[in-house]
Amino acid sequence: MLIADGEFRYDLRKAGVLIAVESESLAWGLIRGVRRPASGSNVYEVEAELDEAGLVRRVVASYNRGPFTRNATYESADNFLRGNISTGGSRNDLTAKLGRYGEIDADLVIFRALIIAHVRERKQTRWTGRVAAIDPNTLVAATSKQSCRQRGSDPHIWIYEPRMGDAEEIEIDDSGLVLRRRDSRGIETLLVSKALRDV
């Protein structure tokens, strides 16, 4: 696997104030992740299955705010990400085009690490491509152009641009695990605990 199996916890802070906590795990090609705000009842959960190449083949996501719940299920096949979103009694079918490398971003730190791991595996220090990104609030998947590049000669620092006008500085370790991420809105994401699994 491109990233070591394990359990990881991240704190998201703005101006030093804790705003959310992200708990993630990767084991046997299955990603599980939950983001909870430091205050409030919004919860975003994701479960994703990876194929042998480390690409996302299936995503199940949910967004809960008090009694309100929204669920989505997506599968990737034939260069498309297809799925549906259900809210209350309604259900909407959605399709998003996958880019050349089939990348999918479900808005948790581990998905960013996975995309960078694929770039590193291809021995690239700069990449631009289309990504099917799932919005954590609406659960709608849409294709957008994203890019990343290694900063200078340091293979541990990457500049990632998830959309026009936004930028993130991401620090990874040798295994590809994200240690720190700082975005252009001033939100800093820090790895606060990890428990690696023997495989």
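Anything mentioned here points back to the structure above.
Here is what the cut-offs are and how they apply
Counting restarts for each chain: residues are numbered from 1 in the order of the written sequence. The predicted origin of the model limits local features to residues at a pLDDT of at least 70 and limits the giving and counting of side-chain atom pairs to 80 or more, whereas totals for whole chains, interfaces and linings rest on all residues. As a rule here, side-chain values cover all heavy atoms of the structure and leave hydrogens and water aside. Here the rule is simple: two strands pair whenever DSSP picks up at least two bridges between them. Put simply, DSSP marks the helices as runs of H or I at least four residues long and the strands as runs of E at least two long, and each gets a number from the N terminus on. Pairing of aromatic rings covers Phe, Tyr and Trp, the last through its six-membered ring, and needs centres within 6.5 Å; plane angles under 30 degrees mean stacked, over 60 mean edge-to-face, and all others mean tilted. Criterion for a charge above a ring: Lys NZ or Arg CZ within 6 Å of the ring centre, and within 35 degrees of the ring normal. Burial classes: relative accessible area under 20% of the type maximum marks a residue as buried, over 50% as exposed, and values in between as partly exposed (1.4 Å probe, protein chains only).

Peer 1: Let's hear about the pairing of strand E5 (residues 56–65): which residues, and what values?
Peer 2: As defined by bridge partners, strand E4 (residues 42–50) adjoins E5 across nine bridges and the pair is classed as antiparallel. What sits directly across from Glu47, in E5, is Val60. A loop of five residues connects E4 with E5, the two strands running antiparallel in sequence, and Gly54 in this loop sits at a positive phi of about 80°. With eight bridges joining them, E5 and strand E6 (residues 68–77) adopt antiparallel strand pairing. Bridging across to E6, Ser62 finds its partner in Asn71.

Peer 1: Tell me what's going on with the packing of aromatic side chains, and back it up with residues and numbers.
Peer 2: If you walk through the whole model with that rule in mind, you get zero aromatic pairs. Taking the ring centre of Phe80 as reference, the NZ or CZ of Lys97 above it sits at 5.4 Å. Between Arg112 and the ring centre of Tyr160, over which it is positioned, the NZ or CZ distance is 4.3 Å.

Peer 1: Could you give an account of the environment of Pro162, naming the residues involved and the relevant values?
Peer 2: Residue position: Pro162 is located in the loop between strand E12 (157–161) and strand E13 (168–172). Note on Pro162: relative accessible area 3%, which makes it buried. As a C-alpha pair, Pro162 and Val131 span 31 residues in sequence and 9.0 Å in three-dimensional space.

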